[in-house]
Every structure is written in C-alpha cells, then in structure tokens.
Amino acid sequence: MKDPKTMLEVQLRNLREGLSWGGGLFVDWGILIPPSAFGAPVRYDDKHMPWIEKPIVKEPKDLEKLEVPDPDRCEPMQKAIECYFYLKEHAPEDLRESVEFFPLLGPIDTSALLRGTSDFMSDLLLHPEFARKLIEIATEANIVWLRKINEIAGGLSVVKLGDDYAGYVSKKVWQEFVFPYEKTIYDTIPDTIRWFHTDGPRVQQEGVLESLAEMGVDLLYGLHPEVNLEGAKRRLQPLNIAMAFGIPPVDILLRGPVNMIDEWCKKCIQVAAPGGNYALGPSGGDAPGTPIEHYLAVITAAEKYGKYPIKT
Amino acid sequence: MSTQAILDALRDSIVNFDVEGVKGKVEKALKLGLQPVEIIEKGIGRGMLEVGQRYESGKYFLPELMSAAATTKSAMEVMEPILRRPEGKATLLGTIVIGTVEGDLHDIGKNIAAALLMGAGFDVNDLGIDVAAERFVQEAKARNAKIVAMSALLTTTIPNMGKVTAALKGARLTGVKVLLGGHHVTREFSEQIGADAYANDAMTGVELARGLAGPKHSS
C-alpha cells in the first residue's frame with residue numbers, strides 16, 4: 001500500500017485482466033486521507049486496506065487540538081501527491097490521463113474515525129454541538145484537500161465522495177448533519193460530475209434518496225446489498241441519477257458459484273438497466289479472496305444481458 | 001412511586017436516551033427495594049429490547065441505538081458496585097467475554113451486541129477490537145465466563161474465529177459456549193470450527209446467548 005511501484009503493478013495487472021471497476025489508475029490509499037492527516041494512527045498490513053487504528057478525539061477539548069491539515073505541509077497528503085505523480089510518470093502512456101486520487105472520505109466517516117464510530121453516532125443525538133463542530137472541521141479538511149487535488153489535476157471533471165455511515169442515520173439527522181456538509185463539499189468545485197457512495201441501507205428511506213438531487217449527485221454507487229435495487233431505480237430515474245450497485249460482494253460475488261453470479265447479474269440488468277443510467281457493480285467493497293473467475297462471470301453476464309434493448 | 005412505575009420510567013429512560021436521568025432512577029429503584037435482576041430485566045432490559053425492535057423495524061437508526069447503549073452503560077455503572085458482590089453477580093445471566101477477533105478493527109456490530117447483551121442481564125466484558133485468541137482464553141478463564149462471543153466483519157478475519165475456538169479447546173475450557181457474530185458468518189463455518197451458535201444480527205445473538213447461558217447462578 002505504501003509503495004507506489006507495487007500499487008501501479010497491482011492495478012495494471014487488474015486492468016490487463018479486465019478486473020477494474022473504474023477502468024483507470026488511482027492513488028489507492030483507501031480511507032487514509034483526511035483522518036490520518038489529522039494525526040490519527042494508521043494500521044497497515046498485507047491483507048487489508050490501511051485503517052485508522054484508534055480514535056484521537058476523546059472529549060470536546062480535543063477538538064481544539066485538531067488543525068485542518070495544510071496539504072502543502074501535511075505528510076500523508078504530501079505522500080499521496082507524490083504517489084499521484086509517480087503513477088502519472090510511470091504508467092503506460094495510454095493510462096496516464098486516467099490517474100486520479102481515491103474518492104474523498106466524507107465528513108461523517110472522517111468524524112467517526114477521529115472520534116470512534118459508536119461514540120460519534122451517539123454524539124449526534126446526545127451531544128449534537130460536539131458532533132457538529134467535529135463535522136465542520138472534517139468538512140473544512142475535505143474542502144482544503146479537494147481544492148488541492150483539483151489544482152494538481154488541473155481541474156477535476158468528477159468529484160467522488162464516500163460517507164459509509166451517512167446511510168445509517170434518520171432523515172432528520174441526515175438533513176441536519178449530512179446533507180448541508182456534503183453539499184458544501186461538492187459545491188467547492190462547481191460544474192463537475194458528482195459521484196456519491198454510502199454503505200448504509202437506510203439511505204433508501206423516504207426523502208433521503210431524493211435529497212441527493214439537491215446535492216447535485218449524478219451517480220450513486222456501491223450501495224448496501226439491502227438497498228432495494230428496483231425501488232431505488234424507480235425513485236432515481238426521474239431525477240436522472242445513475243446507479244452502480246446490485247451485486248452483494250460476499251454472498252454472491254465471493255461465494256458464487258459462477259451460475260449464481262450470472263443469474264444475479266441478469267436480474268440486476270433486467271431491473272435497473274432499462275432506460276439507461278445503470279452500471280452493473282458490487283454493493284459495497286470487494287471482499288478479499290474473491291476468485292478472478294467470479295469477476296469474469298460478471299463481465300460475461302454484462303456482455304450477455306447488457307445490450308440494448310434490454311430483454312426483460 | 002410504585003415499583004412498576006419506576007421500572008416503566010427506567011424503560012422510558014433507555015428508549016429516550018436519558019443518560020443522566022437514568023442514574024437517579026436506578027438509585028430510586030434500589031431504594032424502593034427492587035433487586036438488581038428486576039431492575040435489569042424489567043426496566044433496563046425492557047428498554048433495550050424495545051430499542052432493538054425499533055431499530056429492526058426501521059423506526060430507530062444507528063445514532064438512536066448507540067445513544068440507548070450509552071444510557072444502558074450509564075445505568076449499569078450505578079449498579080456495578082452491587083453487581084460486583086457475589087450475591088449481586090449471581091442475579092445476572094452469566095458472564096460473557098466479547099470482542100472483535102485479531103486483525104479486525106471494526107467495532108460497531110460488536111458494540112451493538114454488547115449493549116443488547118448488557119441490557120438483557122449479562123455481565124459483559126468487552127475486550128474491544130483486534131483481540132488475539134490467547135486473550136479470549138485468558139479472560140474467559142479469569143472471569144469464569146459462560147460464553148465467549150466473537151465478532152468479525154471481514155472475510156479475511158472470519159477464519160481467526162477458528163483460532164479462538166481451537167485455543168479454548170486447547171485450554172480445556174470446553175464448558176465455555178462459543179457464539180459467533182457477523183453479517184457474513186455462516187452455519188457451515190460455525191459448525192466447521194466447532195462453535196455453539198452463530199448470529200447474523202445482534203438481536204438474534206441475544207436470544208441465542210440466553211439459550212447458551214442456561215440457568216442463572218452457575219457462572
């Protein structure tokens with residue numbers, strides 16, 4: 001993970017085998033930035049994405065110690081920038097344009113990692129001002145980092161934002177603590193395509209999916225397997241918001257077998273592809289250990305069933 | 001205030017996340033002569049059960065669940081000195097040692113389960129995240145646990161649950177029941193590693209733990 005050379009080799013191997021959901025290269029530091037930029041300790045190991053090891057905000061006074069990271073001086077951000085330029089320089093020529101940074105970790109997840117998820121979730125109700133201040137600081141860090149990568153990239157065309165825990169809250173909490181901050185981040189760079197990801201199944205509650213249109217979201221991706229694909233399609237299609245999810249990463253993609261994956265993909269395409277605005281994809285992150293044949297089964301199914309007009 | 005009224009008030013405190021107010025209500029219940037077991041089962045436990053049901057039915061969300069857990073913790077702090085005494089401990093359903101297995105830093109599912117188990121009347125010893133097999137064994141032995149409950153979210157860390165069951169067996173703690181938790185844990189895996197039960201959600205986990213614990217007074 002820390003070595004850009006290995007990062008490039010692994011991603012190129014996946015691309016050669018047709019196993020990349022994004023189709024390009026990226027600075028794969030997972031959720032490291034911005035929490036690590038605030039000083040949260042990071043755990044690296046061989047099998048998983050880097051992870052924030054323990055929270056650093058234990059009480060309100062700890063907020064005073066949090067400084068919004070300066071990308072020009074902050075080590076994790078500098079390392080990510082170095083990695084970006086390494087990929088740009090060493091990638092095959094036809095892929096250099098595709099190099100980008102990992103999606104921004106939104107203010108809810110950043111706050112949860114800095115504070116500890118359980119404590120942060122209860123803070124939203126029990127200590128709302130504490131939670132709000134933390135979210136504001138996390139939002140500011142997101143904005144500063146987004147501006148920097150926009151500058152480095154010479155103008156972003158797509159802003160990708162991910163906030164897993166945002167999809168686990170009520171509509172009331174969403175409206176107060178999620179929506180305004182995510183929108184502010186997106187609005188930092190106007191006239192961009194906006195991608196949004198959350199793991200939480202509660203994103204499908206009435207009014208929340210619809211509010212994504214106000215945030216200017218163009219694509220909703222990687223939603224929790226419990227989110228009803230058909231219902232989401234019915235509600236998002238009139239808003240012209242595209243979707244990319246539908247394959248449960250463990251129960252279907254990891255465990256298979258291939259014929260089950262084929263059936264599942266067929267069903268997803270039949271439900272969500274008519275009228276466009278759908279990309280077949282996993283619900284949530286890929287499970288480590290997923291056999292290559294299972295990914296290939298998805299590609300085969302997409303080629304087989306994903307041609308318009310869709311046969312239902 | 002009648003004993004039923006104070007038990008109802010305790011339940012309401014949990015359901016409405018009255019973290020501070022719940023302490024006074026526990027004190028009042030004790031002054032009224034209620035036994036810890038009644039306070040837990042008919043007050044706090046009823047509240048946590050209702051919270052769990054509201055979460056499952058979509059009326060409550062993660063912030064509500066974790067706020068109720070914080071309220072339960074606050075209530076249990078008042079009772080802790082009483083529960084630490086042998087006669088107090090005997091009123092609980094038994095001791096559970098719970099933790100997220102080695103290599104896994106996810107704690108939300110484990111925390112939900114711990115809160116519901118506490119509310120159900122178990123003496124819950126939460127070892128936290130990234131817990132090595134040896135530590136589960138040490139704590140189970142030291143605390144004379146009835147149940148070791150393990151959580152894992154990642155497909156790469158789920159196999160570490162097998163290390164814990166093997167270590168418990170190696171330490172001859174065969175009387176300790178093993179409960180697995182995690183969205184991706186399967187019956188086949190549970191049977192393969194010799195666990196006693198598995199649950200894909202916390203509410204089911206509580207019901208299974210009640211069954212595994214058996215009668216009171218044996219922990």
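Residues numbered from 1 in each chain as written. Chains lettered and ligands numbered in written order. Predicted model: local features only at pLDDT ≥ 70, side-chain atom pairs only at ≥ 80, totals over all residues.

Student: What is the right way to read the overall build of chain A from this model?
Tutor: Counting secondary structure elements, chain A contains eleven helices and nine strands. In terms of overall dimensions, chain A has C-alpha extents of about 60 × 45 × 35 Å along its principal axes. Across the 312 residues of chain A, 42% fall into the buried class. Partitioning the contacts of chain A with sequence separation of at least 6, the portion at a separation of at least 24 is 76%. (Helix = DSSP H or I, 4+ residues; strand = E, 2+ residues; numbered from the N terminus. Buried ≥ 20, exposed ≤ 12 C-beta atoms within 10 Å, placed from the backbone. Contact = placed C-beta atoms within 7 Å.)

Student: For this particular structure, what's the right way to read the nonpolar core?
Tutor: Where a protein is soluble and globular, its nonpolar side chains tend to be buried together. All names here are of chain B. In terms of nonpolar packing, the biggest core is built from 160 residues, with Ile-96, Leu-117, Val-148 and Ala-209 touching the most fellow members. Formed jointly, this core draws a minimum of three residues from each of two domains, domain 1 (1-91) and domain 2 (93-219). In this view, Leu-117 contacts Ile-96, Phe-122, Val-124, Val-206 and Ala-209; residues no more than four positions away in its chain are not counted. (Core = buried A, V, L, I, M, F, W, Y, C linked by C-beta atoms within 7 Å. Domains from an automatic or database assignment.)

Student: How should the interface of chain A and chain B be read in this particular structure?
Tutor: For interface size, the figure often reported is the accessible area lost on association. In this complex, chain A contributes 22 residues to the contact, which on the side of chain B involves 17 residues. Of all the secondary-structure elements, those providing two or more residues to the side of chain A that touches chain B are helix 4 (117-126) and helix 9 (249-254) of chain A. With seven residues, helix 4 of chain A is the largest single contributor of residues to the side of chain A that touches chain B. When grouped by side-chain class, the residues that make up the side of chain A that touches chain B number twelve nonpolar, six polar and four charged. (Nonpolar A, V, L, I, M, F, W, Y, C, P; charged D, E, K, R; others polar.)

Student: I keep staring at the pairing of strand 6 (residues 158-162) of chain A and nothing clicks. Help me out?
Tutor: The two faces of a sheet get side chains in turn, since along a regular strand they alternate between them. Residues and elements named next belong to chain A. Counting buried positions over the five residues of strand 6 gives four, a clear majority of the element. Looking at chain direction, strand 5 (residues 104-105) and strand 6 are connected through two bridges and run parallel. If you follow Leu-104 over to strand 6, its bridge partner there is Leu-161. Bridging between strand 6 and strand 7 (residues 193-197) involves five bridges; their strand directions are parallel. Along strand 7, the bridge assignment pairs Val-158 with Ile-193. In terms of handedness, the path from strand 6 via helix 6 (residues 171-188) over to strand 7 forms a crossover that is right-handed. (Pairing = 2+ DSSP bridges. Right-handed = clockwise from strand over helix to strand, strands pointing away.)

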